[in-house]
Amino acid sequence: MRRHARAAVAAAIIAVALAGCGTPTGTDGDLSDDWKPMAEAQQFSPKAGECHLIPEPSAYLASYAPVDCAKTHLVETFHVGTFTGALAARTAPPKVESAAMRAVFADCDTRARQFVGGDWRTARLSVQVAPTSPAGWTGGSRWYRCDIFELDEVDGANGDGDRAIQRAGTLRDAVGSRSPLTYGCMNEDEWDRLRSASCTAAHQFEFAGIWTAPDRSYEDAVRDEDPIHSACRTVVGRYAKVPIDAKLRYRTGTAYRFPSPELWARGDRGVRCYFWSGGRTFTRSIAGGGPAVLPVG
């Protein structure tokens, strides 16, 4: 009797335990289909409207530390684009100063004009493309940043380089609003460098516009100065509204600023052209002045 009673109790316990392993009410017994799917991995990407303290034309996640554009910074990102087609199919990002980046630079150039309200070359500004890092590219990123930055007054006028200088505040509409960054009248300093001057004060130089140079090697482009001066004379003539004829060379002298070798390699072909008085001093702008302001001889 005792053994049988123990057996009966044990059977009851086993029965209760087995009942606990059944399917709970309201479930289908399949745990895996109730799990929420994992979120898709997100690729790092910068954003337009961010500013940075590092000016180099590269974009590494390790050095990504954007700052408020109202605070001191070196470069401002005004657009983030995406590599497509054959460029996107490459095993590594194209080098910044390579022919493969020309189309991308052209995109940044166009968008920079929209951002600043005019041709950025008419002001102390420069534009660069910053592609994703090789590691980011391997991970699937295909973005590039379009950055713009302010140039030093000397560098910007004389082509000594395209070095970013510290500034605070956005460059949006910097050209359209005729900010102090835009080129105007100038004089040479004791080192023959062009420096800004008031157009109502005595001066001998004035920025007249941009000439787009032919697409060839940098060495060939800068070797022969005569065609560059000739092209800039036409730019000055249109700026001053004087006849573009054989007498134009007797109305104006010219000076010019070529893009730096780095910018040329990136795709910039914009040459800054300046009116030069030849030694006389002016106390007004020659813009639209006509033959009365620039007479023959």
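Residues numbered from 1 in each chain as written. Predicted model: local features only at pLDDT ≥ 70, side-chain atom pairs only at ≥ 80, totals over all residues. Heavy atoms only, no water.

Looking now at the sheet that holds strand E11 (residues 270-276). In space, the five strands of this open sheet follow the order E8-E7-E9-E11-E10, with antiparallel pairing throughout. Of all strands in the sheet, those bounded by a partner on one side alone are strand E8 (194-196) and strand E10 (253-257). Between one strand axis and the next, the sheet turns through 45° on average, direction left out of account. Pairing analysis gives three bridges linking strand E7 (residues 185-188) to E8, with the strands arranged antiparallel. Paired with Met-186 across the strands is Ser-196, a residue of E8. (Pairing = 2+ DSSP bridges. Helix = DSSP H or I, 4+ residues; strand = E, 2+ residues; numbered from the N terminus. Axes fitted to C-alpha atoms, helices over the stretch in contact; angles between N-to-C directions.)

Before going further, it helps to spend a moment on the environment of Pro-66. Position of Pro-66 among the secondary structure elements: in the loop between strand E1 (51-52) and strand E2 (72-73). Once residues lying within four places of it in the same chain are set aside, the contact partners of Pro-66 are Glu-50, Cys-51 and His-52. (Contact = heavy atoms within 4.5 Å.)

This paragraph deals with the pattern of salt bridges. Tallied over the entire structure, the rule returns 16 salt bridges. Put simply, Asp-268 and Arg-121 hold a salt bridge, and the shortest N to O gap is 2.7 Å. Residue Asp-268 is found in the loop between helix H8 (261-266) and E11, and its partner Arg-121 is found in the loop between helix H3 (102-116) and strand E4 (125-131); the two are separated by 147 residues along the sequence. Accessibility classification places Asp-268 together with Arg-121 in one group, the buried group. (Salt bridge = Lys/Arg side-chain N within 4 Å of Asp/Glu carboxyl O. Buried < 20%, exposed > 50% of the residue type's maximum accessible area, 1.4 Å probe, protein only.)

Buried together is how nonpolar side chains tend to be arranged in soluble globular proteins. In this structure, Phe-83, Trp-120, Leu-125, Val-127 and Ile-148 are the most contacted members of the largest nonpolar core, which totals 25 residues. Sorting the residues of this core by element identifies helix H2 (85-88), H3, E4 and strand E5 (143-150) as the ones contributing at least two each. The dominant element in this core, judged by the number of residues it contributes, is H3, at six residues. Contacts of Trp-120, omitting those with residues within four sequence positions, involve Phe-105, Asp-109, Ala-112, Arg-113, Leu-125, Ser-126, Val-127, Ile-148, Val-175, Asp-268 and Arg-272. If you look at the next biggest cluster of nonpolar residues, it comprises 13 residues, including Val-235, Val-242, Ile-286 and Leu-294. (Core = buried A, V, L, I, M, F, W, Y, C linked by side-chain atoms within 4.5 Å.)

The sheet contact formed by E7 and strand E9 (residues 205-212) spans two bridges and is antiparallel. Following the sheet pairing, Met-186 is matched in E9 by Phe-205. Counted along the chain from E7 to the antiparallel partner E8, the turn is five residues long, and its residue Asp-192 has a positive phi close to 60°.

Between the first and last C-alpha of H3 there are 21 Å, a value that for 15 residues agrees with the 21 Å anticipated at 1.5 Å per step. All buried positions along H3 are accounted for by Val-104, Phe-105, Cys-108, Asp-109, Ala-112, Phe-115 and Val-116. The arc enclosing the buried residues of H3, seen along the axis, measures out at 145°, which places them on a common side. Opposite the buried face of H3, by more than 90 degrees, sit the exposed residues Ala-103 and Gln-114. For H3, the secondary structure elements touched by its buried residues are strand E3 (75-82), H2, E4, E5 and H8. Just downstream of H3, Gly-117 is the residue with a positive phi angle, here 85°. (Expected span 1.5 Å × (residues − 1). Arc of directions from axis to C-beta.)

Examined against the element boundaries, Ser-126 turns out to sit in strand E4. Relative accessible area serves as the criterion here: at 0%, Ser-126 is assigned to the buried category. Residues Ser-126 and Arg-163, spaced 37 residues apart in sequence, show a C-alpha to C-alpha distance of 8.6 Å. In contact with Ser-126, other than residues within four places in its own chain, are Trp-120, Asp-147, Ile-148, Phe-149, Leu-151, Asp-162 and Leu-263.

All right, on to the state of the cysteines then. Applying the stated criterion across every chain yields a total of four disulfides. Here Cys-185 is linked by a disulfide to Cys-199, with a sulfur-sulfur distance of 1.9 Å. On the S-S bond that ties Cys-185 to Cys-199, the torsion sits near 95°, and the link is right-handed. Placement of the pair is Cys-185 in strand E7 and Cys-199 in the loop between E8 and E9, with a sequence separation of 14 residues. For Cys-185, a relative accessible area of 2% translates into the label buried. (Disulfide = S-S within 2.5 Å.)

Right, let's get into the pairing of E10. Along any regular strand, the residues point their side chains to alternate faces of the sheet. Most of E10 sits inside the fold, with four of its five residues counted as buried. When E10 meets E11, the two strands line up antiparallel, connected through five bridges. Counterpart to Tyr-256 in the pairing with E11 is Cys-273.

A few words on helix H7 (residues 225-240). With 16 residues, H7 extends 22 Å from end C-alpha to end C-alpha; this agrees with the ideal 22 Å at 1.5 Å per step. Those residues of H7 hidden inside the fold are in contact with E9, helix H6 (218-223), E10 and E11. Its side-chain oxygen at 3.4 Å from the backbone nitrogen of Asp-226, Asp-224 defines the N-terminal cap of H7. Once H7 ends, the next one or two residues include Lys-241, with phi positive near 60°. (Polar contact = N/O pair within 3.5 Å; in protein donor to acceptor, adjacent residues only side chain to side chain.)

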